[in-house]
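Structure assessment
These are the residues of each chain, in order.
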Amino acid sequence: NGGLIDSIQYIYKKVENGIVKQFIENYAILANKDYFENYQVIYYSKVNVNYDGSERTVRVVETYYIFGELKYLDVKQFIYYDTRGDKLVQVVENYTSYGDANNPETFLSSVQYIYNIVENGKAIRVVDNYDVIGSQAPGDGQYIHTTRDKIYWEYKDADGDGASELVRVTVTYDRISLNDE
C-alpha cells in the first residue's frame, strides 16, 4: 500500500579496543524498502558525571546518524544509579552535539531522574525531566525541572464498548521551576 509498514532493528555485539559494545541499527520500511535511520552504540565506561563530578561506571548510549560519508554523533547518554534524598533513582545525563559535524563537541542539555513510588495504592514509575542551563562544570549548572511523567497501568473502558481493557496511563505535569523540586 506504499505506507509506512514497519521498522526493523539489527542488534549485535563486537569487541572494540577490549570493550564489548552492543550495536543497534534502526531502519524504517517504506514501500517494502529498508531506509537507514540511525544506529546506537552501547557500552560501559568510567566517566566523571556532571551531577557532582565523581567518577562512576556508567552505561554509555551513543546515537549516530550518517549523512553521505559523514558519521555524526547526535546524542550521548550516561546512565547510572544514584540516590536523591532517600530515593534510589536511575539518572540519565543527555549530552547533545554541536559545532563541526566532523568533530562535534557536546554539552549537557538535560537530565532525567527515573524512580518508582506508590501513590493511592498504585505502583507508579516517575520520570522527572530537567533542562540544564549555565555552567557545564560538574555541580555548577542550573537544573530546571520542566516536566514530570507518572506512568502506571489500570483497567478502564478505553474504547467505549463497556468492557475494561488494561491500558497504560501517562500523566504529564508541565513545570517551569527554578528549584530542584
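Residues numbered from 1 in each chain as written. Predicted model: local features only at pLDDT ≥ 70, side-chain atom pairs only at ≥ 80, totals over all residues. Heavy atoms only, no water.

**Observations concerning unusual backbone geometry**
The condition that has to hold: Numbering of helices and strands runs from the N terminus; a helix is a DSSP stretch of H or I covering at least four residues, while a strand is a stretch of E covering at least two. The buried label applies to any residue whose accessible area, calculated with a 1.4 Å probe on protein chains only, is under 20% of its type's maximum; exposed applies above 50%, and partly exposed to all values in between.
A positive phi angle, near 50°, is found at Asn 17, a position not held by glycine. Within the secondary structure layout, Asn 17 lies in the loop between strand S1 (4–16) and strand S2 (19–30). Among the residues examined, Asn 17 registers a relative accessible area of 82% and is labelled exposed. Unusually for a residue other than glycine, Asn 120 sits at a positive phi of about 55°. With respect to the helices and strands, Asn 120 occurs in the loop between strand S7 (105–119) and strand S8 (122–133).

**A few points about the packing of aromatic side chains**
Threshold: Note on aromatic contacts: the rings of Phe and Tyr and the six-membered ring of Trp form a pair at centre separations within 6.5 Å, being stacked when their planes are under 30 degrees apart, edge-to-face when over 60 apart, and tilted otherwise. A positively charged side chain is recorded as over a ring if its NZ (Lys) or CZ (Arg) lies within 6 Å of the ring centre. The angle to the ring normal must also be within 35 degrees.
Counting across every chain of the model gives eleven aromatic pairs. Both rings, one in Tyr 39 and one in Tyr 64, keep their centres 5.1 Å apart while their planes meet at 15°; by these two values the pair is stacked. Of this pair, Tyr 39 sits in strand S3 (residues 33–48) while Tyr 64 sits in strand S4 (residues 55–67), and the two are 25 residues apart along the sequence. The same class applies to Tyr 39 and to Tyr 64, which are both buried. Between the aromatic rings of Tyr 98 and Phe 107, the centroid separation amounts to 5.8 Å while the plane-to-plane angle is 65°, which identifies the pairing as edge-to-face. Overall, the relative accessible area of 37% leaves Tyr 98 in the partly exposed class. Residue classification places Phe 107 among the partly exposed residues on the basis of a relative accessible area of 31%. Over the ring of Phe 23 we find Lys 14; its NZ or CZ atom is 4.8 Å from the centre of that ring.

**Looking at the environment of Gly 85**
Its location among the elements puts Gly 85 in the loop between strand S5 (70–84) and strand S6 (87–98). Residue class for Gly 85 comes out exposed when judged on its relative accessible area of 76%. Sequence spacing of Gly 85 and Gly 139 is 54 residues, and the spatial spacing of their C-alpha atoms is 16 Å.

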